[in-house]
Structure formats: C-alpha cells, structure tokens
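Summary of the model geometry
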Amino acid sequence: MRRAIILILIVIFAATALSTYISRDQSTIAKSKKFSGTITAYQTDCFFDGICSITVDGKVVVIAAGFRAVGEQGKLTGVESMGDVETKIGSTAEVYAEKVDETNYTLYGSNEYYVNIK
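Reference entry: report on the structure contained in this document. This structure is a prediction, so every number in the text was calculated from the model and none was measured.

Let's shift gears to the state of the cysteines. One pass over the full model with this rule turns up 1 disulfide. Disulfide partner of cysteine 46: cysteine 52, at an S-S distance of 1.8 Å. Sign of the S-S torsion, about -75° for the bond between cysteine 46 and cysteine 52, identifies this disulfide as left-handed. Each of the two residues, cysteine 46 as well as cysteine 52, counts as buried.

In structure tokens form, the structure reads like this:
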C-alpha cells in the first residue's frame, strides 16, 4: 500500500512538472518575434547596473540588465562587445527576441534569442 501511494505521488509530481514546463515553453514561443531593421540607438547602462539595449527601427531590445544573468538569455553577435555597438549605428540588425509590448523586446527568456548585427 505504501509503495502504491509513493508511486501515485511521483506520477502526480512528474505530470505537474511536465505540464508547467510545457505551458512555460508555449508561452515563450507565442511571445517570440523575429524582425530586422536599422540600428538607430544603443544604451550601455548595464555597465553601471542598469540596462544595455539596442534600438532597431524604434523597437528597444534589452540585451542585458546590470550583468545579472537571470535564467536563459540570448546572445549579441556581430560585435565583440556591447561597447562596440556605437560603431554600428546605421547598420542592419536581425532580431529574435521575446516581445514585452509594442516597442519593447528582451533577450531574456531563451538561449535561442539573438541580435545579429550585420
């Protein structure tokens, strides 16, 4: 009897964990957006515990927040560091990020996210 109860609890726990993971994954996928455009601005306040971002055609993409890693986070490619973005104003960037609202996006939430500067 005790084994049966333990087995039932394990099955319930596993089902709950799987359901939570699938729901989180579907939510992230639904919010994920790809777009490309011209880099018009950048911000490097994460060097001082603020936000580092790149603005692409009026859409602000958060790259990092004060060098704090929180869960999964995408990558910035095409430059060696955030400090090099200044030389890329006017260049094209391809973005895959989580949409926060109409003008704000973030690389936090998935290792698959990226900003690729051309």
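Turning to its location among the elements, aspartate 101 is positioned in the loop between strand E5 (92-99) and strand E6 (104-106). Residues aspartate 101 and lysine 59, spaced 42 residues apart in sequence, show a C-alpha to C-alpha distance of 9.7 Å. Of note is the side chain of aspartate 101, whose polar atom sits 3.1 Å from the backbone nitrogen of threonine 103. Within polar-contact distance, the side chain of aspartate 101 engages the side chain of asparagine 104 at 3.0 Å.

Ile54, Val61, Ile63, Val115 and Ile117 are the most contacted members of the largest nonpolar core, which totals 23 residues. Looking at this core, the elements that each hand over two or more residues are strand E1 (32-44), strand E2 (51-56), strand E3 (59-65), E5 and strand E7 (114-117). When residues in this core are grouped by element, the largest group, 5 residues, is from E3. Setting aside chain neighbours within four positions, we find isoleucine 63 in contact with Cys52, Ser53, Ile54, Gln73, Leu76, Met82, Leu107, Tyr108 and Val115.

Evaluation of the coordinates by the stated rule reveals 2 salt bridges. For the salt bridge of lysine 118 with glutamate 94, the shortest nitrogen-to-oxygen distance reads 3.7 Å. Note that lysine 118 is positioned in the segment after E7 and glutamate 94 in strand E5, a separation of 24 residues in sequence. For glutamate 102, the salt bridge is made with lysine 99, and the minimal N-O distance between the two is 3.5 Å.

Rules and cut-offs
Residues numbered from 1 in each chain as written. Predicted model: local features only at pLDDT ≥ 70, side-chain atom pairs only at ≥ 80, totals over all residues. Heavy atoms only, no water. Disulfide = S-S within 2.5 Å. Buried < 20%, exposed > 50% of the residue type's maximum accessible area, 1.4 Å probe, protein only. Helix = DSSP H or I, 4+ residues; strand = E, 2+ residues; numbered from the N terminus. Polar contact = N/O pair within 3.5 Å; in protein donor to acceptor, adjacent residues only side chain to side chain. Core = buried A, V, L, I, M, F, W, Y, C linked by side-chain atoms within 4.5 Å. Contact = heavy atoms within 4.5 Å. Salt bridge = Lys/Arg side-chain N within 4 Å of Asp/Glu carboxyl O.

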